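The lines below spell out each chain.
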Amino acid sequence: MKSINKDTLRELEKSLTSDLKEKEAEALAIASVIMERDVSLQSFHGYIGGKNNMYVDSIRSKFPSPDDFVSRWLQGMFTRIREVEENQKSKYQGNVYPNSTSHNILRLLKNNFIKEYFLAFLKRNFYRNFKERTREKAKDIHWKLWFGENQIPWGLIIAPAFRNGEWTNDVSEIRRADYQYWTIEHVLNTGLIDPDSNAPIYFRDLGELIIFYRSVLKRLSRSQYEKQIVDLYLEYLERSESPLAEPFLVPELRYAGLEISHKYRLDFAMLNPHVMEFVGFELSPHSTHMAVTGIKGKKQKEVNQEIKTKWSKEISKRNEYFLNYDITTITFTDEDLEDMEKCFKVIKKFLQKRPTDSKALSASLKELEEYEI
């Protein structure tokens, strides 16, 4: 769904609120008959809105349209009903007692007037939480990234919270975060995390962050190639028309987080939230990744075995990052590293990617009509 400005969102919400207000009294009267008790507006709305986190995963899911949100809400209701019925069959020798809250919601939705009220209510909820509903969501493993050299790790956390002596996420704030994840804006909003401190390291502006990147992160690297990439990346940020939206190029992403004896580090990693694409970049000169020392004193078989072991380690590293982090790795070889400008052009292509433009609601509504209770 294309971006909608705030004025349009307010008008959409206002229109739906007006529609709900007109239908409110009749909806409550019908609901009271169906439920065989007096139903208040508060409890009625609680029936609908109270199931948002049960029927749909608002924290992890992206909803491209209000129809998609409503459709998935309905599918979540059906799933919950089936789960209840399966549990009852197991517990009561095959018998089903359709008396759960979800069954009651289904009974209400079987009435066309109530159904229209529900649909308007859920669509209003979509527009009230437009940014949270339509944004790309991060997978759990990407909520907290640790990077840097062995003894000096740093953290980039979506919604950092220091609890019980360690850094974690305030999960309730992840979907509300008012910035694109893993971008320069993200870093300026949350700061970077020093695991030995209970407060983030904040940067007042892009200039301060660039100074930190160049004076601290770059200096920790022992690779001349990594240092050149850092310089090219910082030049790229300084020239960018929208630097805050640029993905933060993560140096030395740590596979095992804060573990000192971790398995692997990626030279650089980029998590682009605009297209939800995650790419790692390895600068792999033969001298540091595949070189075998003391060849004169070794038999060919021994040399081959060492090369095999080193190659296996390199491939395992790439495979594990892909399987666990969804990060695809691009490797720059000795020949590539002869032209660092060319290498950075490859990285820049992924930094600059931006988006071009489920089950249909009609199908979910048809299922609602046909569902027997």
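The coordinates are above.
As the structure is a computational prediction, the values presented were derived from the model and not from experiment. (Residues numbered from 1 in each chain as written. Predicted model: local features only at pLDDT ≥ 70, side-chain atom pairs only at ≥ 80, totals over all residues. Heavy atoms only, no water.)

Draft legend 1. Looking closely at the overall build of the protein. When you go through the protein residue by residue, the secondary structure sums to 15 helices and eight strands. Residues classed as buried in the protein amount to 47% of the 373 residues present. With an accessible surface of roughly 20000 Å², the protein has 48% of that area assigned to carbon and sulfur atoms. (Helix = DSSP H or I, 4+ residues; strand = E, 2+ residues; numbered from the N terminus. Buried < 20%, exposed > 50% of the residue type's maximum accessible area, 1.4 Å probe, protein only. Areas by Shrake-Rupley, 256 points an atom, 1.4 Å probe, with all protein chains shown as cover.)

Draft legend 2. Expanded view of the packing of aromatic side chains. All told, the structure shown has 20 aromatic pairs when counted by the stated rule. With centroids separated by 5.6 Å and ring planes inclined at 55°, the aromatic side chains of Y213 and Y233 adopt a geometry described as tilted. Separated by 20 residues along the polypeptide, Y213 in helix α10 (residues 206–220) and Y233 in helix α11 (residues 224–239) bring together distant segments of the chain. Since its relative accessible area comes to 1%, Y213 is described here as buried. What links up through ring pairs into an aromatic cluster is the set F44, Y55, W73, Y117 and F118. (Phe/Tyr/Trp six-rings, centres within 6.5 Å; stacked < 30°, edge-to-face > 60°.)

Draft legend 3. Local environment of the pattern of salt bridges. All chains considered together, the criterion is met by 16 salt bridges. A salt bridge links R80 to E83, with the nearest nitrogen and oxygen atoms 3.5 Å apart. One end of the pair is R80 and the other is E83, both in helix α4 (residues 66–91) and three residues apart, which spans about a single turn. R80 gets classed as partly exposed once you look at its relative accessible area, which sits at 32%. The exposure class assigned to E83 is partly exposed, which follows from its relative accessible area of 39%. For the salt bridge of D231 with K218, the shortest nitrogen-to-oxygen distance reads 2.9 Å. Note that D231 is positioned in helix α11 and K218 in helix α10, a separation of 13 residues in sequence. (Salt bridge = Lys/Arg side-chain N within 4 Å of Asp/Glu carboxyl O.)

Draft legend 4. Up close: the nonpolar core. Grouped together as the largest cluster of nonpolar side chains are 58 residues, with contacts concentrated most on W182, Y213, Y233, F248, L249 and F281. Residue contributions to this core peak at seven residues, all from α11. Setting aside anything within four residues of it in sequence, one finds Y233 in contact with I184, Y213, P247, F248, L249, F344 and L351. (Core = buried A, V, L, I, M, F, W, Y, C linked by side-chain atoms within 4.5 Å. Contact = heavy atoms within 4.5 Å.)

Draft legend 5. Summary view of the side chain of N272. Mapped onto the secondary structure, N272 falls in strand β6 (residues 265–272). The exposure class assigned to N272 is buried, which follows from its relative accessible area of 0%. Only 3.0 Å separates the side chain of N272 from the backbone oxygen of F350, close enough to count as a polar contact. Not counting residues within four places of it along the chain, the set of residues in contact with N272 comprises P247, E277, F278, F350, L351, K353 and R354. (Polar contact = N/O pair within 3.5 Å; in protein donor to acceptor, adjacent residues only side chain to side chain.)

Draft legend 6. Representation of the packing of α4 against helix α6 (residues 112–128). In the contact formed by α4 and α6, the axes pass within 9 Å of each other and the chain directions differ by 120°. Judged by the inter-axis angle, α4 sits oblique to α6. Relative to α6, the crossing made by α4 is right-handed. Judged by residue contacts, P66, D67, F69, V70 and W73 of α4 engage F118, L119, L122, K123, N125, F126 and Y127 from α6. Counted by class, the contact of α4 with α6 contains nine nonpolar, one polar and two charged residues. (Axes fitted to C-alpha atoms, helices over the stretch in contact; angles between N-to-C directions. Parallel < 35°, antiparallel > 145°, perpendicular 65-115°, else oblique. Left-handed = near helix turned anticlockwise from the far one by under 90°. Nonpolar A, V, L, I, M, F, W, Y, C, P; charged D, E, K, R; others polar.)

Draft legend 7. Summary view of the packing of α4 against helix α5 (residues 101–109). Running from N to C, α4 and α5 cross one another at 130°; their axes reach a closest spacing of 9 Å. Regarding the angle of α4 to α5, the classification is oblique. The chirality of how α4 crosses α5 is left-handed. Listed contacts from α5 to W73, L74, M77, F78, R80, I81, V84 and E85 of α4 are S102, H103, I105, L106 and L109. For the contact of α4 with α5, the residue count by class is nine nonpolar, two polar and two charged.

Draft legend 8. The arrangement of unusual backbone geometry in detail. Of note in this structure, N164 is not a glycine but carries a positive phi near 55°. When you line up the elements, N164 lands in the loop between β3 (160–163) and β4 (166–169). Here the phi dihedral of M276 falls at roughly 50°; this positive angle occurs in a residue that is not glycine. Here M276 shows up in the loop between β6 and β7 (277–283).

Draft legend 9. Highlighting the pairing of strand β5 (residues 250–254). Among the five residues that make up β5, five are buried, leaving the element largely enclosed by the rest of the structure. The pairing of β5 with β6 spans four bridges and is classified as antiparallel. The partner of P251 across the bridge, within β6, is F268. (Pairing = 2+ DSSP bridges.)

Draft legend 10. Structural detail: a negative patch on the surface. Taken together, the side chains of E235, E238, D334, E335, D336, E338, D339 and E341 present a region of like negative charge at the surface. Structurally, D336 can be placed in the loop between β8 (328–332) and α14 (340–351). Residue classification places D336 among the partly exposed residues on the basis of a relative accessible area of 31%. (Patch = residues over 30% accessible without salt bridge, like charges linked within 9 Å, V, L, I, M, F, W, Y side chains within 5 Å. Lys, Arg positive; Asp, Glu negative; His and termini not counted. Charge placed at Lys NZ, Arg CZ, Asp CG, Glu CD.)

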